[in-house]
Amino acid sequence: CVVFAGLDVTAIQEVEARHKAILEALPDWVFLTTSDGTFLEFHARDHRHLLMPPAEFLHRNVMDGLPHELAVRLMNCFTQALRSRQPATLEYSLDVGSDRRFYEVRAVPSDPNRVLSLVRDVTDQMRAEQRVRDLQEELAHTGRAMALGALTGSLAHEINQPLSAIN
């Protein structure tokens, strides 16, 4: 007697393909970590600004692979997400080579013992915002200088009129 059992995995494969497509479309880095901070999985289209290659940090703890202060802040973010069962965010900056980069982390509980983190490089946005602030300050300074020039011209005219009459 032979019994065959079959399972149609077409739906599972379609869901996996859809999830893979979503990951490929994300500009962010995606990390899956345990509640104690061990990196389990990683995905990114661009590995350029990572501190180290994924092979060096996967299956290692956050505390071992990142600067201590950042690792502590990240673990606090993970703990907050796990406790509240809500997304937790963290902004930080990091020197990568000779460049200072700015990042935003959004950590969400994946299950009771894992945290899914989306890390977005916001360096270009931060630099653009700083440039806008610098230009606004420069514009305000130019406006004050122009107002002072107009006031000086008006004062010189008001002083010269009586002096001309006296002369």
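Below is a summary of the structure that appears in this document. (Residues numbered from 1 in each chain as written. Predicted model: local features only at pLDDT ≥ 70, side-chain atom pairs only at ≥ 80, totals over all residues. Heavy atoms only, no water.)

1. Section: empty space enclosed by the protein
Then step 1. This structure, assessed with the given rule, holds 1 cavity of 30 Å³ or more.
Then step 2. Elements that contribute at least two residues to the lining of the largest cavity include exactly β1 (29–34), α4 (68–84), β3 (88–96), β4 (99–111) and β5 (114–121).
Then step 3. For the lining of the largest cavity, the element with the most residues is α4, which contributes 3 residues.
Then step 4. In terms of residue class, the lining of the largest cavity is built from 16 nonpolar, 3 polar and no charged. (1 Å grid on protein atoms, 1.4 Å probe; cavity = no way out; pocket = protein on both sides within 12 Å on 5 of 7 lines; lining within 4 Å. Points joined across faces, edges and corners; volume = space filled by probe spheres on them. Helix = DSSP H or I, 4+ residues; strand = E, 2+ residues; numbered from the N terminus. Nonpolar A, V, L, I, M, F, W, Y, C, P; charged D, E, K, R; others polar.)

2. Topic: the environment of Thr38
Then step 1. Along the chain, Thr38 falls in the loop between β1 and β2 (39–43).
Then step 2. Thr38 gets classed as buried once you look at its relative accessible area, which sits at 19%.
Then step 3. Placed 47 residues apart in sequence, Thr38 and Arg85 show a C-alpha to C-alpha distance of 19 Å.
Then step 4. If near-sequence neighbours (up to four positions away) are discounted, Thr38 is found in contact with Leu32, Thr33, His59, Arg60 and Asn61.
Then step 5. A distance of 3.3 Å separates polar atoms of two side chains, one belonging to Thr38 and the other to Asp36. (Buried < 20%, exposed > 50% of the residue type's maximum accessible area, 1.4 Å probe, protein only. Contact = heavy atoms within 4.5 Å. Polar contact = N/O pair within 3.5 Å; in protein donor to acceptor, adjacent residues only side chain to side chain.)

3. Some remarks on the packing of aromatic side chains
Then step 1. What the rule picks out here adds up to 8 aromatic pairs.
Then step 2. Ring geometry for Trp29 and Phe31: centres 6.5 Å apart, planes at 90°, overall edge-to-face. Pair check on accessibility: Trp29 and Phe31 agree, each one buried.
Then step 3. Each ring, one from Phe39 and one from Phe57, has its centre 5.0 Å from the other, and the planes form 65°; the classification is edge-to-face. Here Phe39 is found in strand β2, whereas its partner Phe57 is found in helix α2 (residues 54–57), with 18 residues between them in sequence. Across the pair, Phe57 and Phe39 agree in class, each one buried.
Then step 4. A connected cluster of aromatic rings, assembled from ring pairs, spans Trp29, Phe31, Phe39, Phe42, Phe57, Tyr92 and Tyr103. (Phe/Tyr/Trp six-rings, centres within 6.5 Å; stacked < 30°, edge-to-face > 60°.)

4. Thoughts on unusual backbone geometry
Then step 1. Despite not being glycine, His59 has its phi angle at roughly 70°, a positive value.
Then step 2. Checked against the element boundaries, His59 lands in the loop between α2 and α3 (62–65).
Then step 3. Positive phi, normally seen in glycine, also occurs at Arg85, with a value near 60°.
Then step 4. Tracing the backbone shows Arg85 in the loop between α4 and β3.

Read these as layout, nothing more, since geometry by itself doesn't imply function.
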